[in-house]
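Residues per chain are reported as follows:
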Amino acid sequence: MLFRSDRQNVPGFYRAFDFASPDSSAERRPQTTVPQQALFGLNSPFVFEQCRSLVTQLERQGPTTSIERVAWLYEQVFQRPPSVEESQDAVQFVTAATPTEGTTPEAPLQRWEQLAQVLLLSSELQFVD
């Protein structure tokens, strides 16, 4: 795959994920984590779309109880069942009362979508141990 880079205009997405400078070469790049990466995940329309898509799939699959729905999400995202503690925390989160229902500028995702966002942005999914 051929990748072309405009040295004068590096896209913002690349800068957020610490893209290497196209003006220099290096044998090996250091591994870095910058705050913009987390902020990208929390505020990105792309991530919101992925969360909504995951929850749409969840609703089509038909698990009915909150425990089954949490287990389904964990299987889809992590390829493993949730621990008892993870399951309890997730169910408590999605069933907690919210001051306003629906999406708002402050909370553009519904509760199940927010849980999907938490799972998708977790270190377990982003890093290989």
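Right, let's walk through the structure included here.

## Examining the overall build of the protein chain
Next, step 1: Tallying secondary structure elements over the protein chain gives seven helices and zero strands in all.
Next, step 2: Mapped from its N terminus to its C terminus, the protein chain presents α and β elements in the order α-α-α-α-α-α-α.
Next, step 3: Long-range pairs, those at least 24 residues apart, make up 42% of the contacts in the protein chain between residues at least 6 apart in sequence.
Next, step 4: Entry remark: accessible area of the protein chain is about 9500 Å², with carbon and sulfur atoms responsible for 53%.

## Notes on the environment of Gln61
Next, step 1: Position of Gln61 among the secondary structure elements: in helix α3 (residues 45–61).
Next, step 2: In this structure Gln61 comes out as exposed when scored by relative accessible area, which is 54%.
Next, step 3: Put simply, Gln61 and Trp72 are 11 residues apart on the chain and 8.9 Å apart in space, counted from C-alpha to C-alpha.

## Points about the pattern of salt bridges
Next, step 1: Taken as a whole, this structure holds two salt bridges when the rule is applied.
Next, step 2: The partner of Arg80 in a salt bridge is Glu86, with the nearest N and O atoms 2.9 Å apart.
Next, step 3: In this structure Arg80 comes out as partly exposed when scored by relative accessible area, which is 22%.
Next, step 4: You can call Glu86 partly exposed: its relative accessible area is 23%.
Next, step 5: Among the salt bridges present, the one from Arg80 reaches Glu124, with a minimum N-O distance of 2.7 Å. Remark: Glu124 occurs in helix α7 (residues 123–126) and Arg80 occurs in the loop between α4 (66–78) and α5 (84–95); sequence separation between them is 44 residues.

## As for the packing of aromatic side chains
Next, step 1: Under the counting rule described, the total for this entry stands at one aromatic pair.
Next, step 2: Taking the ring centre of Trp112 as reference, the NZ or CZ of Arg69 above it sits at 4.5 Å.
Next, step 3: Above the ring of Phe93, the side-chain terminus of Arg111 is found at 4.5 Å from the ring centroid.

Cut-offs used in this document
- Residues numbered from 1 in each chain as written.
- Predicted model: local features only at pLDDT ≥ 70, side-chain atom pairs only at ≥ 80, totals over all residues.
- Heavy atoms only, no water.
- Helix = DSSP H or I, 4+ residues; strand = E, 2+ residues; numbered from the N terminus.
- Contact = heavy atoms within 4.5 Å.
- Areas by Shrake-Rupley, 256 points an atom, 1.4 Å probe, with all protein chains shown as cover.
- Buried < 20%, exposed > 50% of the residue type's maximum accessible area, 1.4 Å probe, protein only.
- Salt bridge = Lys/Arg side-chain N within 4 Å of Asp/Glu carboxyl O.
- Phe/Tyr/Trp six-rings, centres within 6.5 Å; stacked < 30°, edge-to-face > 60°.
- Lys NZ or Arg CZ within 6 Å of the ring centre and 35° of its normal.

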